[in-house]
Amino acid sequence: GQSEQKGLLWEISGKGLKKSSYLYGTIHIQAKKVFQYDPIVEEKLKKCKAFAPELILDEINQLEVMQQMMMTDNSLDKLLTAEQFHRIDSLLKKEIGVGLATFNKMKPFALIAQFGQGDLKNEMPVPLDMHLLKIARENKLKTFALETLEEQIAAINTIPLEEQVTMLLETLTDTLGGNGQFDELITVYLQQDLGQIMTMTEDPSLPKAIQEEFIVHRNKVMVTRIADFVKQQPT
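Residues numbered from 1 in each chain as written. Predicted model: local features only at pLDDT ≥ 70, side-chain atom pairs only at ≥ 80, totals over all residues. Heavy atoms only, no water.

Draft legend 1. View of the pattern of salt bridges. Applying the stated criterion across every chain, the model contains seven salt bridges. Between Lys-46 and Glu-42 there is a salt bridge, with its nearest N and O atoms 3.6 Å apart. Linking Lys-46 with Glu-42, this pair stays in helix H1 (residues 40–47), spanning four residues, or about one helical turn. A salt bridge links Arg-137 to Asp-58; the shortest N-O distance between them is 2.7 Å. Separated by 79 residues along the polypeptide, Arg-137 in helix H6 (residues 128–138) and Asp-58 in the loop between strand S3 (50–51) and helix H2 (62–68) bring together distant segments of the chain. The partly exposed category is assigned to Arg-137, whose relative accessible area is 31%. Where salt bridges share partners, they join Glu-54, Glu-147 and Arg-218 into one cluster. (Salt bridge = Lys/Arg side-chain N within 4 Å of Asp/Glu carboxyl O. Helix = DSSP H or I, 4+ residues; strand = E, 2+ residues; numbered from the N terminus. Buried < 20%, exposed > 50% of the residue type's maximum accessible area, 1.4 Å probe, protein only.)

Draft legend 2. Molecular detail of helix H7 (residues 149–157). All buried positions along H7 are accounted for by Leu-149, Gln-152, Ile-153, Ala-155 and Ile-156. One face of H7 carries all of its buried residues, which in axial projection span an arc of 155°. (Arc of directions from axis to C-beta.)

Draft legend 3. How the structure looks around the packing of aromatic side chains. Counting across every chain of the model gives three aromatic pairs. An angle of 20° between the planes, with centres 4.8 Å apart, marks the rings of Phe-144 and Phe-229 as stacked. Placement of the pair is Phe-144 in the loop between strand S4 (142–143) and H7 and Phe-229 in helix H11 (residues 208–232), with a sequence separation of 85 residues. Judged by relative accessible area, which is 22%, Phe-144 ranks as partly exposed. Taking relative accessible area as the criterion, Phe-229 reaches 9% and is therefore assigned buried. The ring of Phe-214 is capped by Arg-218, whose NZ or CZ atom sits 4.9 Å from the centre of that ring. (Phe/Tyr/Trp six-rings, centres within 6.5 Å; stacked < 30°, edge-to-face > 60°. Lys NZ or Arg CZ within 6 Å of the ring centre and 35° of its normal.)

Draft legend 4. Local environment of the side chain of Gln-84. For Gln-84, the position within the fold is in helix H4 (residues 82–96). Polar side-chain contacts of Gln-84 include one of 2.9 Å to the backbone nitrogen of Thr-81. (Polar contact = N/O pair within 3.5 Å; in protein donor to acceptor, adjacent residues only side chain to side chain.)

Draft legend 5. Summary view of the environment of Leu-168. As for its placement among the helices and strands, Leu-168 is situated in helix H8 (residues 161–176). Here Leu-168 falls in the buried class, since its relative accessible area comes to 0%. Remark: the alpha-carbon pair of Leu-168 and Lys-49, spanning 119 residues in sequence, is separated by 40 Å. Not counting the four nearest positions on each side in its chain, Leu-168 is found in contact with Ile-88, Pro-108, Leu-111, Ile-112 and Phe-115. (Contact = heavy atoms within 4.5 Å.)

Function cannot be inferred from these measures alone, as they are strictly geometric.
See below:
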C-alpha cells in the first residue's frame, strides 16, 4: 500500500505523454543534510524543458509578503496571555536576538517560521527548493509556479487567528519539549518515508476543515496544474 512507499523522486509517464516528467519532494530549509540527494535528481532536472516549483521564489515581492503577514486590527499582545507573550518573547530573544514586540502585528502563523530550525539554520546559502530553481535557471529551463502567492496567503487566512495561536504555542512546546519535531521531520524526509511524512503533516490539533483547505485543497489545485504542464513539455 501507499503507506510503505518510499522515494522522493517520481517519474510521470504514459497517458499520451511523449516524454516523462518528474515529481520531486523538496523541503524549504537550508540544512546541509537535505542537499545530499542522489545525482539522478539533477540529471533528470537538466533533461527537462521546464521547472515548476510551488512558488517561483526569486520572483516573489518580499514586501508584499510582509504586508500580507501583518494583522491590521489585531496584535499578538491581545491574542496571547501575558504569560504566553513573555514566554515567546524570551524564546525569540534566544533564537534570533529580537523580542516579540517587533513582531506584535504579525499573524501567529507567520511567526512559526521564526522558530524550530534550531542549529540547522543556514548551513547552505539558500533553501533546497531555491537551490533547484537556480539550477533550472542556469540550464535555461522555463519556470512555472504550481501556486500563486495570493492562493498561498488565502490558504493561511482560512486559519482563524485563535487556531494560529494554538499552532504557534504547539510549535514552541515541541521545540522546547526537546522532542525535536523538526529534527524528526528531517530524519523522516531523508528516509524518504512517505507514510511517515504524511502522518507528521496530519496535525491532530487542527480542525478537519482547516486540514482540508490548507493541505488537501491546495494539493488538488497543484495536481491539476502539474497535469497541464507535463502535457506541454517534460517538466
